[in-house]
Amino acid sequence: MAKVNDHFLKLQAGYLFPEIGRRVAAFTEAHPDADVIRLGIGDVTEPLPAAIIEAMHGAVDEMANRDTFRGYGPEQGYPFLREAVAREAFAARGVDVSADEIFISDGSKCDTGNILDIFGADNIVAVTDPVYPVYVDTNVMTGRTGQALESGRYDGLVYLPVTAENNFVPALPEQPVDLIYLCYPNNPTGTVASRETLTEWVEYARAHDAIILFDAAYEAFITDPEIPHSIYEIEGGREVAIEFRSFSKNAGFTGIRCACTVIPRDLTGSDSAGNRVDIHRLWNRRHSTKFNGVSYPVQRGAEAAFGDEGREQVQSLVSFYLENARLIREGLEAVGITVYGGVNAPYAWLKTPGGIDSWSFFDQLLETVHLVGTPGSGFGAAGEGYFRLSAFNSRANVEEAVRRFQQLVG
Ligand code: MLT
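Residues numbered from 1 in each chain as written. Predicted model: local features only at pLDDT ≥ 70, side-chain atom pairs only at ≥ 80, totals over all residues. Heavy atoms only, no water.

Caption draft 1: Focus on the overall build of the protein. Counting its regular elements, the protein contains 12 helices and 15 strands. Out of the 410 residues belonging to the protein, those deemed buried represent 53%. Counting every atom, the protein has about 17,500 Å² of accessible surface; 49% of that belongs to carbon and sulfur. Each charge sign in the protein was given a centre, from 34 positive and 56 negative side chains, and these centres are 4 Å apart. (Helix = DSSP H or I, 4+ residues; strand = E, 2+ residues; numbered from the N terminus. Buried < 20%, exposed > 50% of the residue type's maximum accessible area, 1.4 Å probe, protein only. Areas by Shrake-Rupley, 256 points an atom, 1.4 Å probe, with all protein chains shown as cover. Lys, Arg positive; Asp, Glu negative; His and termini not counted. Charge placed at Lys NZ, Arg CZ, Asp CG, Glu CD.)

Caption draft 2: Looking closely at the site of the ligand. The local shell around the ligand consists of Phe 17, Ile 41, Gly 42, Tyr 132, Asn 187, Tyr 218, Lys 249, Tyr 347 and Arg 388. In this structure, an oxygen atom belonging to the ligand sits 2.6 Å away from a main-chain N or O atom of Gly 42. Contact between the ligand and Arg 388: an oxygen atom at 2.6 Å from a side-chain N or O atom of the residue. Considered on its own, the ligand offers 270 Å² of accessible surface; in the complex 85% of this is hidden by protein. (Near = heavy atom within 4 Å. Polar contact = N/O pair within 3.5 Å; in protein donor to acceptor, adjacent residues only side chain to side chain.)

Caption draft 3: Region of interest: the sheet that holds strand β8 (residues 259-262). The sheet built from 7 strands is open, its strands ordered β2-β8-β7-β6-β5-β3-β4 with mixed pairing. Of all the strands in the sheet, just β2 (102-105) and β4 (158-161) have a single pairing partner and so form its edges. Shown here is a sheet whose adjacent strand axes are inclined to one another by a mean of 20 degrees, direction ignored. Sheet topology note: the β2/β8 ladder contains 4 bridges and is antiparallel. The residue of β8 that forms the bridge with Ile 102 is Val 262. Against the sheet, helix α6 (residues 195-208) touches β4, β5 (179-183) and β6 (211-215), its axis set at about 145 degrees to β6. (Pairing = 2+ DSSP bridges. Axes fitted to C-alpha atoms, helices over the stretch in contact; angles between N-to-C directions. Contact = heavy atoms within 4.5 Å.)

Caption draft 4: Summary view of helix α11 (residues 358-369). Taking 1.5 Å of rise per residue, 12 residues should cover 16 Å, and α11 covers 16 Å from first to last C-alpha, within 8% of that figure. On its buried face, α11 sits against α1 (16-30), β12 (347-351), β13 (371-372), β14 (374-375), β15 (386-390) and α12 (395-409). The residue sitting at the N-terminus of α11 and contributing the capping side-chain oxygen is Asp 357; that oxygen lies 3.3 Å from the backbone nitrogen of Trp 359. (Expected span 1.5 Å × (residues − 1).)

Caption draft 5: Quick peek at the nonpolar core. In this structure, Leu 81, Val 85, Ile 180, Ile 212, Phe 247 and Cys 258 are the most contacted members of the largest nonpolar core, which totals 63 residues. Domain assignment of the residues forming this core places at least three in each of domain 1 (6-47 + 315-409) and domain 2 (53-308). Residues contacting Leu 81, with those up to four places away along its chain left out, are Ile 104, Phe 247, Cys 258, Gln 299, Ala 302, Glu 303 and Phe 306. Counting residues in hydrophobic clusters, the runner-up holds 36 residues, among them Phe 361, Leu 365, Tyr 386 and Phe 405. (Core = buried A, V, L, I, M, F, W, Y, C linked by side-chain atoms within 4.5 Å. Domains from an automatic or database assignment.)

Caption draft 6: Representation of the packing of aromatic side chains in the model. Inspection of the entire model under this criterion finds 24 aromatic pairs. A ring pair is formed by Phe 247 and Phe 253, whose centres lie 5.8 Å apart and whose planes are at 35 degrees; its orientation type is tilted. Here Phe 247 falls in the buried class, since its relative accessible area comes to 5%. When its relative accessible area of 0% is taken as the criterion, Phe 253 is described as buried. (Phe/Tyr/Trp six-rings, centres within 6.5 Å; stacked < 30°, edge-to-face > 60°.)

Caption draft 7: View of the pattern of salt bridges. Scanning the entire structure with this criterion turns up 25 salt bridges. Between Arg 238 and Asp 266 there is a salt bridge; the shortest N-O distance is 2.6 Å. Within this pair, whereas Arg 238 is found in helix α7 (residues 237-240), its partner Asp 266 is found in the loop between β8 and β9 (268-270), the two being separated by 28 residues in sequence. Residue Arg 238 is classed as buried on the basis of its relative accessible area, which comes to 15%. (Salt bridge = Lys/Arg side-chain N within 4 Å of Asp/Glu carboxyl O.)

Caption draft 8: Just the sheet that holds β14, in detail. With respect to topology, 4 strands assemble into an open sheet ordered β11-β12-β15-β14, the strand pairing being antiparallel. Two strands close off the open sheet at either side, each with one partner strand: β11 (339-341) and β14. Summarising the sheet, β11 and β12 pair through 3 bridges and their orientation is antiparallel. Residue Tyr 340 lies in a different strand from β12, and its bridge partner there is Trp 349.

Caption draft 9: Molecular detail of the side chain of Asn 393. For Asn 393, the location among the structural elements is in the loop between β15 and α12. A polar atom in the side chain of Asn 393 sits 3.0 Å from the side chain of Asn 397. If we ignore the near neighbours within four places in the chain, the residues touching Asn 393 are Ile 37, Arg 38, Leu 39, Thr 45, Glu 46, Phe 320, Tyr 321, Asn 324 and Val 398.

Caption draft 10: How the structure looks around the environment of Arg 300. Position of Arg 300 relative to the elements: it lies in helix α9 (residues 296-304). A C-alpha to C-alpha distance of 44 Å links Arg 300 and Gln 147, two positions 153 residues apart in sequence. For Arg 300, the contacting residues outside a window of four places in its chain are Ala 55, Ala 59, Arg 70 and Phe 80.

Next up, the structure:
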């Protein structure tokens, strides 16, 4: 008898974004003429930067020629890209990460889920609430939680609420935890972590022999010079953290797929006999067994994001989306909505008007003004009463969305 992985049966309904897609599809089917504007999933809309397109075209041409054709590349990524990331994303900020500590992959969503392969099922896992749902669902799938509770939380996970009441700064856990997910700039709240906050977490992890899984997919959106871009800017960070980086939101790669995971050589965990084990070695083993690398043209495109022209073009894409975020934030504040985030991140996190629950507000926005956002409660119980708007869209759509929002609420 073929048995399924019972842990999958604990998962609640659908993954958040497909569920939103389902509701929007039902609405558009019933109202085919409605001009729906989607500020739900954080998916980029603007074309790839010219320098990236040129590099990818060049790479495809190489593949078209017997002399320059390439088959399988190194699973960990081509040295040209690993070196560019080490130099431009880290050394340029004074951060010590070497090229061979960088693993190129097809996305941070995949990496933050896959990383669990190398950690024991008996680790106690802490997540913020609200949280990017991938962290929770992949822990459910791999058997690190009990059943879903009525609140929507899972037994066995340690939830650290981040709400306006604590200024979106998660308190250190009251019980010891082994794996801690932190995402900064934060998805979904759009808030950032100060150097002091990150220092506390690094110190916590050192004191408790814990590992921080630091998702920095949105670091390019940081505008405040005081905010760290990398957990490795914090002393001791290399000993306790894995960092995830992505080309999705800054370089427009959500459909192209390229990201990287950094595993410092200093990072160790413990085996069940208490011996120290090199995490880099385990991940290298896992990555090269289950993954055959990102395609050559995509890696050439990613490399171009760090060239002189590419960097400028990527920066202008980031600035474009940040300006959208500003328009959303200020447009909503103008009609009395309380808005968080949206300054160092492409997400605005708002209090639903009149304290209406998140999904009811989702339905109301969709049905009355044909706007799609993401209900805060979809990211966790503590997200109830909040709502996320993504700044990833054309300027015209963002301006129109703000007008419609003001019409509904104002
Ligand atoms: C989001 O909307 O939260 C993101 O687009 C999800 C993702 O990056 O996978």
